[in-house]
Structures are given as structure tokens and as C-alpha cells.
Amino acid sequence: MKTSRARRFPQVLIHVVALLPLLWLAAEGLITGWGFNPVQTLEHRTGDWALILLLASLACTPLRTLSGWSGFTPWRRPLGIYAFVYAALHLLVFLILDYGLVWGQILELLLNKLYLWLGLAAFLILIALAVTSTNAAQRKMKRSWNRLHALVYPLAILVILHYALSLKGDLFRLSGQIFWPLVALGVWILLMTLRLTSLRRWISHLR
Ligand code: HEM
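Residues numbered from 1 in each chain as written. Predicted model: local features only at pLDDT ≥ 70, side-chain atom pairs only at ≥ 80, totals over all residues. Heavy atoms only, no water.

Draft legend 1. Focus on the overall build of the chain. Assigned secondary structure in the chain consists of 10 helices and 0 strands. Taken over C-alpha atoms, the radius of gyration comes to 19 Å for the chain, in line with the 17 Å a tight globule of 207 residues would show. Considering only contacts within the chain whose residues lie at least 6 apart along the sequence, 63% involve residues at least 24 apart. Carbon and sulfur atoms make up 69% of the accessible area of the chain, which totals about 13000 Å². Positive and negative side-chain charges in the chain, numbering 20 and 6 respectively, have mean positions lying 28 Å apart. (Helix = DSSP H or I, 4+ residues; strand = E, 2+ residues; numbered from the N terminus. Rg over C-alpha atoms; globule rule 2.2 N^0.38 Å. Contact = heavy atoms within 4.5 Å. Areas by Shrake-Rupley, 256 points an atom, 1.4 Å probe, with all protein chains shown as cover. Lys, Arg positive; Asp, Glu negative; His and termini not counted. Charge placed at Lys NZ, Arg CZ, Asp CG, Glu CD.)

In C-alpha cells, the structure reads:
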């Protein structure tokens, strides 16, 4: 009994941690009204947390490799689903609060801004991953489930490019406000490197 409670604790904790930014955002709204440009604040914060939670879900396997603690693995799925939830809120803020569901304007913007196409592609992949995130879907899809869920790595790159271009930065020329997108890119490269089989074996050997 005690052991199962002890095992459940980190599971509950991950939900609390993932919901804290939403509570913080709600509290900020009540206290400050989200500042001078509330819609932009909401758009940015929900986008930021979607990306942070996506990278956190990608970090679970490397963290298990580094620490040897398998308790990180069950966090991967809830963190990915919360990334989807924040991304859905981000999209709703954009569609409803920013553009008031004026589809003509939204389409015009979409035709002119590459970063929106990247965001849209990322969101479509996130939907596919969230819908197939159940154990039943995993059993049913067998090997194609692994192939579909491997899209989470290119998905993170699409989001990082979406982020960099939305800031009017140029990731390729290293110009503009691209410090945080570059940090996200650095984290992604580190996480990808830690997934290399040879490196994982070497780290396990060192432990
Ligand atoms: C159809 C899908 C999407 C649309 C229409 C969209 C739209 C936007 C818009 C309008 C901005 C703000 C640009 C500005 O203020 O100039 C933005 C920024 C951002 N978006 Fe998205 N987005 C989408 C998908 C996503 C997804 C799936 C993620 C993450 C998983 C994401 C993460 C971000 C981030 C991190 C930022 C930068 C926030 C900041 O500046 O602090 N977006 N997006």
C-alpha cells in the first residue's frame, strides 16, 4: 500500500507541475490583467509553455539514461499531452482573442507568414500524437505507432523555427531576437545527442 502510494506520488506531481503555469497565468490575469497587451501575453505564454513541456517530455528518456532512474519514463506521455493542451490554448488565443475568428484575415496572414505554416504543421503532428497516445492505440498500431511517435523530434524543430521566425529573428543568419530559440535548439541538440545508442551504452557502462 505504502509502495503504491510512493509510486503514485511522482505521477501526481507531474500533473501539478504541468498545471502550475496555467494557474500562474490565471492569477496574473486577476492581479494585473496581463499587462498592456493581454492577448499577446496570453499568446506568448501559452506558446512558451507548450514548447517547454514538449522539450521536457523529450528529456525523459535522456534523463533516465543519465540517472538510471526509470521513474522518468512514465512522465513522457502526460508531459506530451500537456504540451498539446497548451498548444491548443495558444491556437485558440490566436484564432478567437487575436483575430476574432475573422477567417479572411486569418487566411491572409497565413498566406504571408511562413512561421504560421510551421506552427500549423507542428500542431497537426501534435494532434496525431495526442489522439494516438493511449495504450489501446499503441497496441493496435504496433510498429507504425513507433514510426508516428518518432515524429516528436522533427515536431520540436518545427516549433523552434516557428518561435524564431515569430520573433522576426533569423536563425540562419543569427540575427534578431533569437537568444531563446537558440537556447531551445541547443537543448534539442543535447537531447538528440543523448539518445545516440553508443553514447547511451557508454553512460550506462560508467554508472
Ligand atoms: C496553427 C498553429 C499555430 C498558430 C496559428 C500559432 C500562432 C502564433 C503566433 C501568432 C505567435 C506570436 C507571434 C507574434 O507575437 O509576433 C506565436 C508564437 C509562438 N508560438 Fe505559435 N502558433 C501555432 C502553433 C504553435 C505550437 C504547436 C507551438 C508549440 C508546441 C507554438 C509555440 C509558440 C512559441 C514558443 C511562440 C513564441 C512565444 C514568445 O514569443 O514568447 N505555436 N504563435
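Draft legend 2. Here's a closer look at the coordination of the iron atom of the ligand. Only H90 (NE2) and H162 (NE2) from the protein reach the iron atom of the ligand as donors, at distances of 2.0 Å. Because the angles between the 6 donor atoms bound to the iron atom of the ligand fall within 85 to 180 degrees, the donor set is best described as octahedral. Here H90, found in helix α3 (residues 76–98), pairs with H162, found in helix α8 (residues 152–166); they are 72 residues apart in sequence, far enough to count as distant. (Donors = N, O, S within 2.8 Å, 3.2 Å for Na, K, Ca; no water. Tetrahedral: all angles 85-135°; square planar, octahedral: opposite > 155°, others 65-115°.)

Draft legend 3. Highlighting the site of the ligand. In the neighbourhood of the ligand, 22 residues make up the surrounding shell, with H44, D48, H90, H162 and Y163 lying closest. A distance of 2.7 Å is found between a nitrogen atom of the ligand and a side-chain nitrogen or oxygen belonging to H90. Interatomic distance of 2.8 Å between a side-chain N/O atom of H162 and a nitrogen atom of the ligand. Looking at the shell around the ligand, the elements that each hand over two or more residues are α2 (38–67), α3, α5 (114–131) and α8. Looking at the shell around the ligand residue by residue, the classes come out as 12 nonpolar, 7 polar and 3 charged. (Near = heavy atom within 4 Å. Polar contact = N/O pair within 3.5 Å; in protein donor to acceptor, adjacent residues only side chain to side chain. Nonpolar A, V, L, I, M, F, W, Y, C, P; charged D, E, K, R; others polar.)

Draft legend 4. Quick peek at the packing of aromatic side chains. According to the stated counting rule, one finds 6 aromatic pairs in the structure shown. An angle of 75 degrees between the planes, with centres 5.0 Å apart, marks the rings of F179 and W180 as edge-to-face. Looking at W180, the relative accessible area reads 55%, which means it is exposed. Positioned over the ring face of W24 is R45, at 5.8 Å from the centre of the ring. (Phe/Tyr/Trp six-rings, centres within 6.5 Å; stacked < 30°, edge-to-face > 60°. Buried < 20%, exposed > 50% of the residue type's maximum accessible area, 1.4 Å probe, protein only. Lys NZ or Arg CZ within 6 Å of the ring centre and 35° of its normal.)

Draft legend 5. Geometry of unusual backbone geometry. At W34, a position not held by glycine, the phi torsion is positive, near 65 degrees. Using a relative accessible area of 25% as the deciding quantity, one classes W34 as partly exposed. Even without being glycine, K142 reaches a positive phi, approximately 50 degrees. The residue K142 is located in the loop between α6 (135–141) and α7 (143–149) in this model.

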